Structure formats: C-alpha cells, structure tokens
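Below are the chains, spelled out letter by letter.
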Amino acid sequence: MTDPQQRTVVVTGGSRGIGKAICLELADPQTHLFFNYHSQEAAAAETERQIVAAGGKATGIQTDVAKADEVEAFFDRVIKQTGRLDVLVNNAGISRDNLLVRMKEQDWDAVLDINLKAAFLCAKSAAKSMMKQRYGRIVFISSVVGAIGNPGQANYAASKAGLIGLAKSMARELASRGITVNAVAPGLIDTDMTAALPDKAKDAMVGLIPLGRPGTPEDVAATVAFLVSDKASYITGQVLHVSGGMYM
C-alpha cells in the first residue's frame, strides 16, 4: 500500500496531450508529480500551474529520456527530493510516419529511441527504487496500432508493440516485489499529434471505431489512474485498450 501522506509519481512526456491529462488526473494534495519535457518550456510551465491549481505538487524537468545519463540524473533528483517513487507512467512518444519503403533510417531510429528505448531506460531506473520499497506501479502508454499495425507507421507500430512485450516481461520479473506493470493502448485520441492527420485519414480511422468517435486524453488518463491505484493491485501484465472498440 502507498503511504497516504505522500505519493511520488513520474510521467514522461507530461507537458501536453495525453501526458498532461494523466498529470492532471493524478494531481492531489498527497501527490508530488514529476514530469519531463524535451523543449517546450512554456507548455511545461502551464502544466505545472494547472497541477498546482488542482491541488498537487509539480516539478517539470527538461530531460532527453532517450539518453541514459539524463534519465539517471532525472530519477536521482526525484528520489533525493521525495525519498520514494510510487508510480511511473511511460508516456513520451513521437511519430515519423511514412511507408516502409520510403522510411529514412533516422526516422526509424528516432521513433524507436523515444518510444521504446526511453521507456526501457526509465522503467529500469524506476524499478530499482520500487524493488527496495517492495511496491510500485508502472504503466506503459502503447497504442492500438501496436496490436493491429497501420500502413505508414511501421516504426511507430513496432515501438508500441515493443512496449507491450516489455510490460509483460517486467510484470513477470517484478510481481514478487509487489510491483504491477501494465500497458494502456489508446486508439484515435484527440491530441496535437492526431490533429495533424489529414481529414481523409482521420475520417477513415473514425469509420473503424464502433463507438463512432475519437477518444479524449481524459479517457486514457482515467484508465491510467485506475491501474496505478490500489484498486488495481491484482492486475498485472495486461493491456487495456482505450479505443472505442477499434480493437476487440
């Protein structure tokens, strides 16, 4: 069980979109939220302000989560400041879409570095602290395309499928230490990333959703909040699809 007087939460990519919604969903007076951002200082400052307005504590730290030394420094700061780590939500992600035969090697590498390698680095650092506590919650933000694939997103789909394998493997490794590890797989969610999609492509995707509409970042955040709560203490190694039925 977590200490009701203190909870330390880390959300990667927490300055906007789904990550920001997760931060706001988890914000409360007993929680200190740490999140990383890559370059958007104004967005990070606004996220901090909104977390505080919701009653929580917030610390945004500029960090390249694909670099091992910066990840280590980030988690060292978290532990030194609060003495514990209860929750890690690996949300940071990018896309560099193109058909496979046209995809540049650097676009493949960039997506795998941020979406998969960074999640590995953060989970490894978090797990060390959680194992000592014999308690922890880790959630990976995957994607429906990691389960079904998507034309033009071979790199993105591969990275998100990798997160599912990583989550299941870690769940088996860490269960004996009281740590649960799960993945959430959003479908089409209204964010800055999906807003950049052509209307034709977006309409085609909506046509595949039985509920007939995109989801919201808050839909994903509510699912994460459940998985990191004590109500989900008997759930580990699972993938929860938040996709309006796009994947069944």
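Note: the structure precedes this text.
Notes on the structure in this doc start here. Since this is a predicted model, take the numbers as computed values, not measurements. (Residues numbered from 1 in each chain as written. Predicted model: local features only at pLDDT ≥ 70, side-chain atom pairs only at ≥ 80, totals over all residues. Heavy atoms only, no water.)

As for the pattern of salt bridges
Step number 1: Counted under the stated rule, the structure contains 7 salt bridges.
Step number 2: A salt bridge links R213 to D219; its shortest N-O distance comes to 3.9 Å.
Step number 3: Since its relative accessible area comes to 44%, R213 is described here as partly exposed. (Salt bridge = Lys/Arg side-chain N within 4 Å of Asp/Glu carboxyl O. Buried < 20%, exposed > 50% of the residue type's maximum accessible area, 1.4 Å probe, protein only.)

Some remarks on the nonpolar core
Step number 1: Counting 29 residues, the largest nonpolar core has V10, F75, L88, I138, F140, M170 and V181 as its most contacted members.
Step number 2: When residues of this core are traced back to their parent elements, those giving at least two are α3 (68-82), α4 (105-133), β5 (136-141), α6 (154-174) and β6 (179-186).
Step number 3: If you tally residues by element for this core, the top one is α4, at 8 residues.
Step number 4: Non-local contacts of V10, meaning those with residues more than four positions away in its chain, are made with F34, F74, F75, V78, L85, V87, L88 and V89.
Step number 5: Counting residues in hydrophobic clusters, the runner-up holds 26 residues, among them L26, A27, F35 and A225. (Core = buried A, V, L, I, M, F, W, Y, C linked by side-chain atoms within 4.5 Å. Helix = DSSP H or I, 4+ residues; strand = E, 2+ residues; numbered from the N terminus. Contact = heavy atoms within 4.5 Å.)

Some remarks on α3
Step number 1: Over its 15 residues, α3 extends 21 Å from the first C-alpha to the last, a length consistent with the 21 Å expected when each residue adds 1.5 Å.
Step number 2: Within α3, the full set of buried residues consists of V71, F74, F75, V78 and T82. Axial view of α3: buried residues confined to an arc of 85 degrees, hence all on one face. When the buried face of α3 is taken as reference, the exposed residues oriented beyond 90 degrees from it are D69 and K80.
Step number 3: A positive backbone phi angle near 85 degrees is found at G83, which sits one or two residues after α3. (Expected span 1.5 Å × (residues − 1). Arc of directions from axis to C-beta.)

What about the packing of helix α1 (residues 17-26) against helix α9 (residues 217-227)?
Step number 1: Interhelical geometry of α1 versus α9 gives an angle of 50 degrees and a closest axis separation of 8 Å. As summarised for this structure, α1 and α9 are arranged oblique, according to the angle between their axes. Considering how the two elements wind past one another, α1 and α9 form a crossing that is right-handed. Residue-level inspection shows G17, I18, A21, I22, E25 and L26 of α1 in contact with α9, the latter providing P217, E218, V220, A221, A222, V224 and A225.
Step number 2: In the contact of α1 with α9, the residues fall into 10 nonpolar, 1 polar and 2 charged. (Axes fitted to C-alpha atoms, helices over the stretch in contact; angles between N-to-C directions. Parallel < 35°, antiparallel > 145°, perpendicular 65-115°, else oblique. Left-handed = near helix turned anticlockwise from the far one by under 90°. Nonpolar A, V, L, I, M, F, W, Y, C, P; charged D, E, K, R; others polar.)

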